[in-house]
Amino acid sequence: MNDDMYVGNAGDDTALDRGWLLGHFKEVGDPRHSEDVEIKWGVHPAGDERRQWVEGEKRTALLVLISGRFRVELPGRSVLLKEQGDYVVWGRGVDHSWFAEEKSVVLTVRWPSVPGYAVPEEQAPTRGRD
């Protein structure tokens, strides 16, 4: 890696960062550091789910299905992504959660990149799937 370029593998590079490739959480000076956008390569085993709904969302998000069957839960609506390339976009203020119906790979893009949405490892769900 040098100051203005990084070449890697999404599967390898995200293993220690909960799937995140790019965002505010990368070290300043790393080409993957950004205050503007976050990108995640999410590999989810069947049955994997977000243990706590994101509430008071301050970002816009795009989630694209690469493989598998992946359900995104939004207030009053459940969106099933089942074909490669299916996607959903939701805006600021839209609460959300998700569930992997099958082993799934998804690419998530969120903007802007802001701290504060990680779920602590030991925390249990606070809201069931709709």
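Asks: What is the right way to read the packing of aromatic side chains from this model?
Replies: If you walk through the whole model with that rule in mind, you get two aromatic pairs. Plain terms: the ring middles of phenylalanine 70 and tryptophan 98 are 5.5 Å apart, the flat faces sit at 25 degrees to each other, and that makes the pair stacked. Linking phenylalanine 70 in strand 4 (residues 70-74) with tryptophan 98 in strand 7 (residues 97-100), this pair joins segments that are 28 residues apart in sequence. Each of the two residues, phenylalanine 70 as well as tryptophan 98, counts as buried. In this structure, arginine 32 is placed above the aromatic ring of tyrosine 6, and the distance from its NZ or CZ to the ring centre is 3.9 Å.

Asks: Sorry, what's going on with the sheet that holds strand 7 here?
Replies: For sheets, the rule is that strands pair by backbone hydrogen bonds, running either parallel or antiparallel. The strand order across the open sheet built from three strands is 5-4-7, with neighbouring strands paired in antiparallel fashion. Each edge of the open sheet carries a strand with a single partner, namely strand 5 (77-81) and strand 7. Between one strand axis and the next, the sheet turns through 20 degrees on average, direction left out of account. In the sheet, strand 4 pairs with strand 7 via four bridges, with the strands oriented antiparallel.

Asks: Looking at this structure, I do not really get the side chain of glutamate 38. What am I missing?
Replies: Along the chain, glutamate 38 turns up in strand 2 (residues 38-44). Here the side chain of glutamate 38 touches arginine 110 through a polar contact of 2.5 Å, side chain to side chain. Polar side-chain contacts of glutamate 38 include one of 2.9 Å to the side chain of serine 113. With near-sequence residues (within four places) excluded, glutamate 38 lies in contact with Trp20, Leu22, Gly23, His24, Phe25, Arg59, Thr108, Val109, Arg110, Ser113 and Val114.

Calculation criteria
Residues numbered from 1 in each chain as written. Predicted model: local features only at pLDDT ≥ 70, side-chain atom pairs only at ≥ 80, totals over all residues. Heavy atoms only, no water. Phe/Tyr/Trp six-rings, centres within 6.5 Å; stacked < 30°, edge-to-face > 60°. Helix = DSSP H or I, 4+ residues; strand = E, 2+ residues; numbered from the N terminus. Buried < 20%, exposed > 50% of the residue type's maximum accessible area, 1.4 Å probe, protein only. Lys NZ or Arg CZ within 6 Å of the ring centre and 35° of its normal. Pairing = 2+ DSSP bridges. Axes fitted to C-alpha atoms, helices over the stretch in contact; angles between N-to-C directions. Polar contact = N/O pair within 3.5 Å; in protein donor to acceptor, adjacent residues only side chain to side chain. Contact = heavy atoms within 4.5 Å.

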